[in-house]
Amino acid sequence: MMLSRGAKNDLVKVRMRMVDEQIIARGIRDPRVITAMRKVPRHVFVEEALQNQAYSDHPLPIGEKQTISQPFMVALMTEAMQLKGMEKVLEIGAGSGYQTAILAEIAFKVFSIERIRSLTIQARKLLYDLGYLNVEIKFSDGTLGWVDESPFDAIIVTAGSPGIPQPLVDQLATGGRLVIPVGDAADQELVRITKDGRGTKREDLGGCRFVKLIGQHGWEEE
């Protein structure tokens, strides 16, 4: 269904309010992240019946037992990657493509992996329709990374993992950052791993809750 001009304007106003009340008010300061959150139309990444909830302060289902993350969590994880604009980024879990679009607004090139074929196809088409030509998405096991395109300046994992997948650490460039939820199936800690010439440094950024990261170096499929 095509939205009227008035409805589109209303959604823009709601998106601006979301950024002010859910993103900036909670401490997100990176101007690149804030600009991207203001620009990307989150409502097009959910089904029509849920578009009136697209800018609410919670995750939403996108089918296949997956979700589009809470706007604040998208902003927090993106800010934690410390992107400056020229990075090559790997995303594990394209999902609806919303987080991918936010990254594409900031980074030079985004490589994204999705393990569910239908979501891969949907996200790829939507992102290309929106003009994000600096994105490549493939259907694969994200816990293995994307060896042929490594190393990456930053890696983001949008599902909860029982540990830090070693292939992702191996594919980080020196100075690179890996942002990933780590913990059990119910609760995780958002973690940033920074890689330098001597090894890695871990920082805990706060509690979170994501769907399981399924794959060879994650959880087994149920």
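Residues numbered from 1 in each chain as written. Predicted model: local features only at pLDDT ≥ 70, side-chain atom pairs only at ≥ 80, totals over all residues. Heavy atoms only, no water.

**Q** An account of the overall build of the protein chain is requested, with residue identities and associated values reported.
**A** For the protein chain, the helix and strand inventory stands at six helices and nine strands. Against the compact-globule benchmark of 17 Å for 222 residues, the protein chain has a radius of gyration of 16 Å, which places it among compact chains. For the protein chain, long-range pairs separated by at least 24 residues make up 53% of all intrachain contacts whose partners lie at least 6 apart in sequence. Surface exposure of the protein chain reaches about 10600 Å², of which carbon and sulfur atoms provide 51%. Here the protein chain holds 28 positive side-chain charges and 29 negative ones, and the gap between their average locations is 5 Å. (Helix = DSSP H or I, 4+ residues; strand = E, 2+ residues; numbered from the N terminus. Rg over C-alpha atoms; globule rule 2.2 N^0.38 Å. Contact = heavy atoms within 4.5 Å. Areas by Shrake-Rupley, 256 points an atom, 1.4 Å probe, with all protein chains shown as cover. Lys, Arg positive; Asp, Glu negative; His and termini not counted. Charge placed at Lys NZ, Arg CZ, Asp CG, Glu CD.)

**Q** Help me get a handle on the sheet that holds strand β5 (residues 135-139), residues and values and all.
**A** As summarised here, the arrangement of the seven strands in space is β5-β4-β3-β6-β7-β8-β9, forming an open sheet in which the pairing is mixed. One side of each edge strand has no neighbouring strand; the edge strands of this open sheet are β5 and β9 (199-208). Ignoring strand direction, the axes of neighbouring strands in this sheet form an average angle of 15°. For strand β7 (residues 172-183) and strand β8 (residues 188-196), the ladder comprises seven bridges, and the chain directions are antiparallel. Bridge pairing in β8 places Leu178 opposite Ile193. Packed on one face of the sheet, helix α5 (residues 117-129) meets β4 (109-114) and β5 and runs near 165° to β5. (Pairing = 2+ DSSP bridges. Axes fitted to C-alpha atoms, helices over the stretch in contact; angles between N-to-C directions.)

**Q** So what's going on with α5? Residues and values would help.
**A** Spanning 13 residues, α5 covers 18 Å between terminal C-alpha atoms, matching the ideal 18 Å at 1.5 Å per step. Inspection of α5 places Leu119, Thr120, Ala123 and Leu127 among the buried residues, and these make up the whole buried set. Down the axis, α5 shows its buried residues gathered within 100° of arc, on one side only. Across from the buried face of α5, at angles greater than 90 degrees, the exposed residues are Arg117, Ile121, Lys125 and Asp129. Looking at the buried residues of α5, the elements they touch are β1 (60-63), β2 (66-68), α4 (98-106), β4 and β5. (Expected span 1.5 Å × (residues − 1). Buried < 20%, exposed > 50% of the residue type's maximum accessible area, 1.4 Å probe, protein only. Arc of directions from axis to C-beta.)

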